[in-house]
Amino acid sequence: MGSRASHIALANAYDGISTVVADLNDSDLQRPTRCRGWLVADLLFHVLCDAQRALVALASPAGGPATVDSVSYWHSFPGGDGSARHAWWARRSAAAFDRPSGVVRLWADTAPAAARAAGKADPAGFVTTQGHVLRVADLLDTFTTEAVVHHLDLVLDLPDAPAPGPAATRVAVATVDALLGGAVTRLDGWNDHDYLLRATGRLPLGEPERRTLGEYAARFPVLG
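Everything numeric in this text was worked out from a predicted model, so none of it was measured.

Student: How would you explain helix H4 (residues 101-120) if you had to name every residue and give the values?
Tutor: The end-to-end C-alpha distance of H4 is 30 Å, a good match for the 28 Å that 20 residues give at a rise of 1.5 Å each. Along H4, the sharpest change in direction is near 25° and occurs at Trp107. Every buried residue of H4 is accounted for by Ser101, Gly102, Val103, Val104, Trp107, Thr110, Ala111, Ala114, Ala115 and Ala118.

Student: Outline the side chain of Thr129, listing residues and values.
Tutor: By the element assignment, Thr129 lies in strand S1 (residues 126-129). Overall, Thr129 belongs to the buried group, its relative accessible area being 6%. A distance of 3.0 Å separates a polar atom in the side chain of Thr129 from a polar atom in the side chain of Arg53. Among residues more than four places away in sequence, those in contact with Thr129 are Arg53, Ala57, Leu134 and Leu139.

Student: Describe the packing of helix H2 (residues 40-58) against H4, naming the residues involved and giving the relevant values.
Tutor: Here H2 crosses H4 at 30°, and the two axes come no closer than 9 Å. On the basis of the axis angle, H2 is roughly parallel to H4. In the packing of H2 onto H4, the handedness of the crossing is left-handed. Residues Ala41, Leu44, Phe45, Val47, Leu48, Ala51, Gln52, Ala54, Leu55 and Leu58 of H2 form the contact with H4, whose own contacting residues are Val103, Val104, Leu106, Trp107, Thr110, Ala111, Ala113, Ala114, Ala117 and Ala118. The class makeup of the residues in the contact of H2 with H4 is 18 nonpolar, two polar and no charged.

Student: Could you give me a rundown of the pattern of salt bridges, with the residues and numbers involved?
Tutor: Across all of its chains, the model carries eight salt bridges by this definition. Here Asp26 ties to Arg99 by a salt bridge, and the two come within 2.6 Å at their closest N and O atoms. Note that Asp26 is positioned in the loop between helix H1 (3-21) and H2 and Arg99 in the loop between helix H3 (81-95) and H4, a separation of 73 residues in sequence. On the basis of relative accessible area, Arg99 is assigned to the exposed category, the value being 52%. A salt bridge links Asp153 to Arg202; its shortest N-O distance comes to 2.8 Å.

Student: So what's going on with the environment of Ala13? Which residues, and what values?
Tutor: Relative to the helices and strands, Ala13 is located in helix H1. For Ala13, a relative accessible area of 4% gives the class buried. Ala13 sits 136 residues away from Val149 along the chain, and the two C-alpha atoms are 9.7 Å apart. Apart from the residues lying within four places of it in its own chain, the contact partners of Ala13 are Thr144, Ala147, Val148 and Ala168.

Student: Give a detailed account of the nonpolar core, specifying residues and quantitative values.
Tutor: Counting 65 residues, the largest nonpolar core has Tyr14, Val21, Trp107, Leu213 and Phe220 as its most contacted members. By residue number, the principal contributor to this core is H2, which donates twelve residues. Not counting chain neighbours up to four residues away, the residues in contact with Trp107 comprise Tyr14, Ile17, Ser18, Val21, Leu44, Val47, Leu48, Ala51 and Pro112.

Student: Help me get a handle on helix H5 (residues 136-154), residues and values and all.
Tutor: With 19 residues, H5 extends 27 Å from end C-alpha to end C-alpha; this agrees with the ideal 27 Å at 1.5 Å per step. For H5, a buried count of 19 out of 19 residues is recorded, marking the element as mostly surrounded by other parts of the structure.

Student: Describe the environment of Gly63, and please don't skip the residues or the numbers.
Tutor: By the secondary structure assignment, Gly63 is in the loop between H2 and H3. The spacing of Gly63 and Leu134 is 71 residues in sequence and 9.6 Å in space, taken between C-alpha atoms. Not counting the four nearest positions on each side in its chain, Gly63 is found in contact with Phe126 and Val133.

So, how was this worked out
Residues numbered from 1 in each chain as written. Predicted model: local features only at pLDDT ≥ 70, side-chain atom pairs only at ≥ 80, totals over all residues. Heavy atoms only, no water. Helix = DSSP H or I, 4+ residues; strand = E, 2+ residues; numbered from the N terminus. Expected span 1.5 Å × (residues − 1). Bend = angle between axes of the 7 residues up to and from the residue. Buried < 20%, exposed > 50% of the residue type's maximum accessible area, 1.4 Å probe, protein only. Polar contact = N/O pair within 3.5 Å; in protein donor to acceptor, adjacent residues only side chain to side chain. Contact = heavy atoms within 4.5 Å. Axes fitted to C-alpha atoms, helices over the stretch in contact; angles between N-to-C directions. Parallel < 35°, antiparallel > 145°, perpendicular 65-115°, else oblique. Left-handed = near helix turned anticlockwise from the far one by under 90°. Nonpolar A, V, L, I, M, F, W, Y, C, P; charged D, E, K, R; others polar. Salt bridge = Lys/Arg side-chain N within 4 Å of Asp/Glu carboxyl O. Core = buried A, V, L, I, M, F, W, Y, C linked by side-chain atoms within 4.5 Å.

Following this line, the structure appears as structure tokens:
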């Protein structure tokens, strides 16, 4: 993606989540999500941690070259026990707020700050996060992809909530396309969000879909 497009897409992704959670009451913030064991407030806390990490990374310049890009970055997350430990930590951390809406207030302060910092950063520069070195533009695309997928997770039990914005969704789709190797043809009837939910294992492939995809069905999911 172009450098300015990366910044706009991140803002679009974070604005989308803000729109979903801004008017939720404490009861709605305790609705289930697609992430096992996480309520809306728990998942929002997890994405809040991403926004905080974005602020730190954008203030952490590094010398090049990059060690990963916006696609290969995702290969370094094996899941398993580490993911389970993080899920439990996020639940306990979100529960430490006096009320679930406390997470929303902190998100409302942090996410716009991360988007503003992204807009001011040199997209061709290098930064470090989680032991990796990335171009700024690639870093922003990783945050956008995660935000879009988690936006879809958030709205599982919020049927009137808006979907992720188009600029952000394009980044997530491009990431998944690249992770799948570019050889998988999207099936008829899948819109962008259907595709992302299946490519990340949120929705299973049915037997007719597996037959149509053939050998490529084994590549699903590409993100957890």
